[in-house]
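Residues per chain, in single letters:
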2 protein chains.
Amino acid sequence: MTGRLSLNQRTTAEWSLREAIDGCVRAGLPAIGVWREPVAEVGLDVAVAWVRGAGLRVSSVCRGGFFTGVDPVARRQAHEENLRALDEAAALGAPTLVLVPGGLPEGDRDLGAARERAAEAVALLAPEAAARGVRLGIEPMNPIYAADRGVVSTLAQALSMAERLPVEQVGVVVDTFHLWWEPDVHETVRRAGDRIVSYQLADWITPLPPDALLSRGMPGDGHIDFAAFTRAVADAGYTGDIEVEIFNADIWAAPGDRTVATLARRYADLVEPHLTRPR
Amino acid sequence: MTGRLSLNQRTTAEWSLREAIDGCVRAGLPAIGVWREPVAEVGLDVAVAWVRGAGLRVSSVCRGGFFTGVDPVARRQAHEENLRALDEAAALGAPTLVLVPGGLPEGDRDLGAARERAAEAVALLAPEAAARGVRLGIEPMNPIYAADRGVVSTLAQALSMAERLPVEQVGVVVDTFHLWWEPDVHETVRRAGDRIVSYQLADWITPLPPDALLSRGMPGDGHIDFAAFTRAVADAGYTGDIEVEIFNADIWAAPGDRTVATLARRYADLVEPHLTRPR
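In the annotation of an unreviewed UniProt entry, chain A is listed under the name Sugar phosphate isomerase/epimerase and assigned to Nocardioides marinus.

### With respect to the packing of helix α4 (residues 72-92) of chain B against helix α5 (residues 111-132) of chain B
Residues and elements named next belong to chain B. Orientation of α4 relative to α5, taken along the N-to-C sense of each, is 35°, at an axis distance of 10 Å. By crossing handedness, the relation of α4 to α5 is classed as right-handed. Along its contact with α4, which presents R75, H79, N82, L83, L86, D87 and A90, the element α5 presents R117, E120, A121, L124, L125, E128, A129 and R132. Of the residues contributing to the contact of α4 with α5, the split by class is seven nonpolar, two polar and six charged.

### Re the UniProt feature "domain: Xylose isomerase-like TIM barrel" (unreviewed entry) in chain A
The residues that UniProt annotates with the feature "domain: Xylose isomerase-like TIM barrel" (unreviewed entry) are residues 25-255 of chain A. Helix makes up 42% of residues 25-255 of chain A and strand 18%, and the two end C-alpha atoms of the span are 16 Å apart.

### Let's talk about the packing of aromatic side chains
Describing an aromatic ring pair means giving the distance of the ring centres and the angle of the ring planes. With the rule as written, the count across this model stands at 13 aromatic pairs over all chains. Seen in terms of ring centroids, A:F177 and A:W204 are 5.2 Å apart; in terms of plane orientation they differ by 35°. Their pairing is tilted. Separated by 27 residues along the polypeptide, A:F177 in helix α7 (residues 176-179) and A:W204 in strand β8 (residues 203-204) bring together distant segments of the chain. Summarising the burial analysis for this pair, A:F177 and A:W204 share the class buried. An angle of 85° between the planes, with centres 5.3 Å apart, marks the rings of A:W181 and B:W181 as edge-to-face. Here B:W181 lies in the loop between α7 (176-179) and α8 (185-192) and A:W181 lies in the loop between α7 and α8 (185-192), a pairing that spans two chains.

### Examining the environment of B:V244
Residue and element names in this part refer to chain B. Looking at the secondary structure, you find V244 in strand β10 (residues 242-244). A relative accessible area of 1% places V244 in the buried class. Sequence spacing of V244 and V260 is 16 residues, and the spatial spacing of their C-alpha atoms is 9.4 Å. Among all residues touching V244, those that are not within four sequence positions of it are L5, S6, L7, N8, T11, L201, P219 and L263.

### Digging into the interface of chain B and chain A
Chain B puts 27 residues into the contact, and the matching count from chain A is 28 residues. When the two sides are added together, the surface that chain B and chain A hide from each other amounts to roughly 2,200 Å², 64% of it contributed by carbon and sulfur. It is B:R109, B:W180 and B:W181 in chain B that bury the most area against chain A; as a group they hold 26% of the surface buried on that side. Counting the contacts that link chain B with chain A gives six residue pairs in polar contact (both at pLDDT 80 or more). For the side of chain B that touches chain A, a count of residues per class yields 15 nonpolar, seven polar and five charged.

### Here we look at the sheet that holds strand β4 (residues 96-100) of chain B
Residue and element names in this part refer to chain B. Ordered by their spatial adjacency, eight strands build a closed barrel running β1-β2-β3-β4-β5-β6-β7-β10, and the pairing between neighbours is parallel. Shown here is a sheet whose adjacent strand axes are inclined to one another by a mean of 30°, direction ignored. Here strand β7 (residues 196-201) pairs with β10 via three bridges, running parallel. By the bridge assignment for β10, Y199 is matched with I242.

### Things to note about the side chain of A:S60
All names here are of chain A. Structurally, S60 can be placed in strand β3 (residues 57-65). Relative accessible area serves as the criterion here: at 0%, S60 is assigned to the buried category. Looking at S60, its side chain comes within polar contact range of the side chain of E243, at 2.5 Å.

### Description of the pattern of salt bridges
One pass over the full model with this rule turns up 28 salt bridges over all chains. A salt bridge links A:D257 to A:R26; its shortest N-O distance comes to 3.0 Å. With A:D257 in helix α11 (residues 256-271) and A:R26 in helix α1 (residues 17-27), this residue pair connects regions lying 231 residues apart in the sequence. Two residues, B:R132 and B:E128, come together in a salt bridge whose shortest N-O distance is 3.0 Å.

### Overview of the relation of the copies chain B and chain A
Turning chain B through 180° and shifting it by 0.0 Å along the axis lays it on chain A, with an RMSD of 0.0 Å. Between the two chains, the operation in question is that of a two-fold axis. Taking the C-alpha atom as reference, chain B places B:P210 closest to the rotation axis, 2.0 Å from it. Residue by residue, 100% of the interface of chain B is reproduced at the interface of chain A, so both copies engage with the same surface.

### Considerations on helix α3 (residues 44-53) of chain A
All names here are of chain A. Listing the buried residues of α3 in full gives A47, V48 and V51. Looking straight down α3, one finds that the buried residues subtend no more than 100° of arc, so they occupy a single side. The outward face of α3, more than 90 degrees from its buried face, is lined by the exposed residues D45 and G53. Lining the buried residues of α3 we find α1, β2 (31-35), α2 (36-42), β3 and α4 (72-92). G55, located one to two residues past α3, shows a positive phi value of around 70°.

Parameters and conventions
- Residues numbered from 1 in each chain as written.
- Chains lettered and ligands numbered in written order.
- Predicted model: local features only at pLDDT ≥ 70, side-chain atom pairs only at ≥ 80, totals over all residues.
- Heavy atoms only, no water.
- Axes fitted to C-alpha atoms, helices over the stretch in contact; angles between N-to-C directions.
- Helix = DSSP H or I, 4+ residues; strand = E, 2+ residues; numbered from the N terminus.
- Left-handed = near helix turned anticlockwise from the far one by under 90°.
- Contact = heavy atoms within 4.5 Å.
- Nonpolar A, V, L, I, M, F, W, Y, C, P; charged D, E, K, R; others polar.
- UniProt positions renumbered as here; feature names shortened; annotations may be inferred.
- Phe/Tyr/Trp six-rings, centres within 6.5 Å; stacked < 30°, edge-to-face > 60°.
- Buried < 20%, exposed > 50% of the residue type's maximum accessible area, 1.4 Å probe, protein only.
- Buried area = accessible area lost by both parts, 1.4 Å probe.
- Polar contact = N/O pair within 3.5 Å; in protein donor to acceptor, adjacent residues only side chain to side chain.
- Pairing = 2+ DSSP bridges.
- Salt bridge = Lys/Arg side-chain N within 4 Å of Asp/Glu carboxyl O.
- Least-squares fit on C-alpha atoms with pLDDT ≥ 70 in both.
- Arc of directions from axis to C-beta.

Here you go:
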């Protein structure tokens, strides 16, 4: 059962876009989450033709965001880069552009102000997303990344930011690795309802690998209760694709087909049974 | 100005208790935060005589807790171990026993239940603490440790647990490293008021060192706004000692006296000016 399973490209980072598309097709996956860099390598038109030709849905484009800068020039550049990302998402037929907010600027210690700048940048981008038929997905990130990657740290906080703007324009990304520890997170997922634009799977493993950026595990290898998380996402009414997004040096070193086979099995065991249930 | 500065022993992990006491005295620090293991090495009576003889306050005893187990025997053993820790804190004249809740039991993925067991264990311990004149300090820990060390992840969550019990028995530990990223944390610190039993300083540095347990930095070396944090703690009415607690391999490799001199300077520059201010 892989009816909603999507391979986020970063899970098989050694694969090119072409290889990832072929890998999804071989494994019977209906969708792929693409990253902008491998798309740029082959050019947008080619990428669009490839995913269409393969009959794959593009579940999301990763990633926009990085708009916590203070400098007006940097902020304008970030906005323009995000417009290009939205154009790409629209061309690829992706429902969502995943927004990674960015960290604290060099030497800046005002986290609250950085969060507010992120919210302002999302507001500026929202009508542009709407005009292109793409929804923005604010991705709250594990606090381990608050300083250098993502200043939005909880689903509750991301939801507060999203709720300032129209639901058809701005939502939230629910990633188990980032959020599993959050107090009352299952309740907050349910409350998020149709603000959820993406559900991403990765496990929290211990001991934490030495590189904090590569510390995600295959679902089932760590401490996260995927059944409870998935029931909450289902209760929220989310019916979109479900991406597996794992940054992990050991997984990257393994053959891609084996990784995809493993994640498909884990999805079938740990996630799929909890997507529909008697109410 | 080191009038409230306390050296948490783990900052100079290479020093024995005797060396740490002497280091505090040489640097003019009025207090020390002790760990149970180095106290046990010399015996409680000797430790008590040493800190009294040196004229030092004991700002806290680290650490009790580790009571998230499921097995009834393990839970009783943890309770009894915590009673011994309370006896030691009382003998040393420490106002607070710091409680590190513990992580998920092996193979257990129910974080909510583990948090509830921690709350129950605190409730069981609270009257015992009161009988000994010691307050329990629930330490919320950075989510990086939620799986394997501390299931209580935010100050707001720790405060909710503490507030079920009498304020003179149970409070919260405010550690900048653990909490700096928490949404609205300064407001929550103010709201914590006289529930604050300890204020501990360490910075969040990037890139994160490879060993997640040794990833703390010297205040001023990282991303935390100590001025804003300290003003919130002062506004809350906290007047106790302020510990510097840093787990970091590079700092442990440096001579202890140099580490203490550095932290005293950072305290004077970054923290002390914000402890009192015009209202």
